[in-house]
Amino acid sequence: MKRFFLSMAVMLITVCVCANKPDFGYLFSYVNGRGLAFAYSSDNKSWTSIGNGRTFVDSDFGTWGAEKKMTRPFLLRDSEGMWRCVWSPNENNPQFAHCTSPDLINWKPQDYPYIAGGSCKLPVLYKDNGKWVVEYSTNDGKTYRTTSADFKKWDKGTAISSKKECEEVKIRLNGREVSGQVHRVEWAQIDKLIKRDD
């Protein structure tokens, strides 16, 4: 009998905990050092870092040490649920960096396609007419666009008059102002990230 009541108590506690969790929340992605870190919020106002700022994917571009950089990453989830991240690995190289993840925890190997313009700054990713598009700026102030049908082969890029901009926001996190992107996601996604760091 005692076991029965104990089991019922555990079930009630579990139900209460689950009931207090929202269906959706907000995930904030930002650079911490040379990698991508996350924070979460239930109201898009008060933020809590995940893993005290630990990174879930680091840039592997370049030699070991200071050359491994992740600058202004742009993160999105495509229509099939895959997370895609592009960033500038080095603003003096004619390459951008890209990697994918199904869950923001397990990341596939990174790619560094070569592009026109001699450098890459502030890359932005989106899909247009069935093709993936990366728009970026260069050190001389010009803007370019490169496209790919499969995210494997990219054209060299063409000059354009202006580029899309990342909807970057600033939040207060651990007493400091941090810039990054906000994504509305299922709370289960946030839970996975939190549990991954436990």
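Not measured: the values here are computed from a predicted model.

Caption draft 1: Up close: the sheet that holds strand β7 (residues 97–101). Spatial strand order, β5-β6-β7: three strands in an open sheet with antiparallel pairing. Both edges of this open sheet fall to β5 (71–77) and β7, since each of them pairs with a single strand only. Taken over all neighbouring pairs, the strand axes of this sheet differ in orientation by 20° on average, direction set aside. Pairing geometry for strand β6 (residues 83–88) and β7, over five bridges, is antiparallel. Paired with Trp87 across the bridge in β7 is Ala97.

Caption draft 2: Examining unusual backbone geometry more closely. We note that Arg72 has phi near 45°; this positive angle belongs to a residue other than glycine. Accessibility expressed as a relative area gives 33% for Arg72, which makes it partly exposed. A positive phi angle is found at Leu122, which is not glycine, with a value near 55°.

Caption draft 3: Quick peek at the confidence of the model for the protein. Mean pLDDT over the protein: 88, with 87% of residues reaching 70 or higher. Note on residues 2–18: pLDDT is under 50 here. Beyond four places in sequence and across chains, it has zero contacts.

Caption draft 4: Inspection of the packing of aromatic side chains at higher detail. Taken as a whole and assessed by the stated rule, the structure comprises nine aromatic pairs. Considering the side-chain rings of Phe151 and Trp154, the 4.9 Å spacing of their centres and the 85° angle between planes classify their relative orientation as edge-to-face. Both residues of the pair, Phe151 and Trp154, belong to the buried class. Three or more aromatic residues joined by ring pairs make a cluster, and in this case those are Phe96, Trp132, Phe151 and Trp154. Above the face of the Phe24 ring, Arg184 is positioned so that its terminal group lies 4.3 Å from the ring centre.

Caption draft 5: Looking closely at empty space enclosed by the protein. Summed over all chains, the structure comprises one cavity of 30 Å³ or more. The computed volume of the largest cavity comes to approximately 50 Å³. Lining the largest cavity, in full, are Arg72, Pro73, Phe74, Leu122, Pro123, Val124, Lys163, Glu165 and Cys166. Considering only residue class, the lining of the largest cavity consists of six nonpolar, no polar and three charged.

Caption draft 6: Focus on the nonpolar core. Counting 20 residues, the largest nonpolar core has Leu27, Leu36, Phe38, Leu75, Leu104, Trp107 and Leu193 as the members making the most contacts within it. Elements that contribute at least two residues to this core include exactly β2 (35–41), β6, β7 and α2 (187–196). In terms of nonpolar packing, the next biggest core, distinct from the first, is built from 16 residues, Phe96, Val124, Val134 and Phe151 among them.

Caption draft 7: Here's a closer look at the pairing of strand β8 (residues 121–128). Summarising the sheet, β8 and strand β9 (residues 131–137) pair through six bridges and their orientation is antiparallel. Its bridge partner being in β9, Leu125 is matched across the sheet by Val134. Turn length for the β8-β9 hairpin, with the two strands adjacent in sequence and antiparallel, is two residues, and the turn residue Asn129 shows positive phi of about 55°.

Caption draft 8: How the structure looks around the state of the cysteines. Evaluation of the coordinates by the stated rule reveals zero disulfides. Of the cysteine sulfurs around Cys99, a residue in no disulfide, the closest is that of Cys85, at 5.4 Å.

Caption draft 9: Region of interest: the sheet that holds strand β10 (residues 143–148). Spatially, four strands are ordered β8-β9-β10-β11 in an open sheet, and the strand pairing comes out antiparallel. Each edge of the open sheet carries a strand with a single partner, namely β8 and β11 (158–160). With strand direction ignored, the average angle separating the axes of adjacent strands in the sheet is 30°. Sheet topology places β9 next to β10; six bridges connect them, and they run antiparallel. Within β10, the residue paired with Trp132 across the bridge is Ser148.

Conventions and cut-offs
- Residues numbered from 1 in each chain as written.
- Predicted model: local features only at pLDDT ≥ 70, side-chain atom pairs only at ≥ 80, totals over all residues.
- Heavy atoms only, no water.
- Pairing = 2+ DSSP bridges.
- Helix = DSSP H or I, 4+ residues; strand = E, 2+ residues; numbered from the N terminus.
- Axes fitted to C-alpha atoms, helices over the stretch in contact; angles between N-to-C directions.
- Buried < 20%, exposed > 50% of the residue type's maximum accessible area, 1.4 Å probe, protein only.
- pLDDT = per-residue confidence, 0-100.
- Contact = heavy atoms within 4.5 Å.
- Phe/Tyr/Trp six-rings, centres within 6.5 Å; stacked < 30°, edge-to-face > 60°.
- Lys NZ or Arg CZ within 6 Å of the ring centre and 35° of its normal.
- 1 Å grid on protein atoms, 1.4 Å probe; cavity = no way out; pocket = protein on both sides within 12 Å on 5 of 7 lines; lining within 4 Å.
- Points joined across faces, edges and corners; volume = space filled by probe spheres on them.
- Nonpolar A, V, L, I, M, F, W, Y, C, P; charged D, E, K, R; others polar.
- Core = buried A, V, L, I, M, F, W, Y, C linked by side-chain atoms within 4.5 Å.
- Disulfide = S-S within 2.5 Å.

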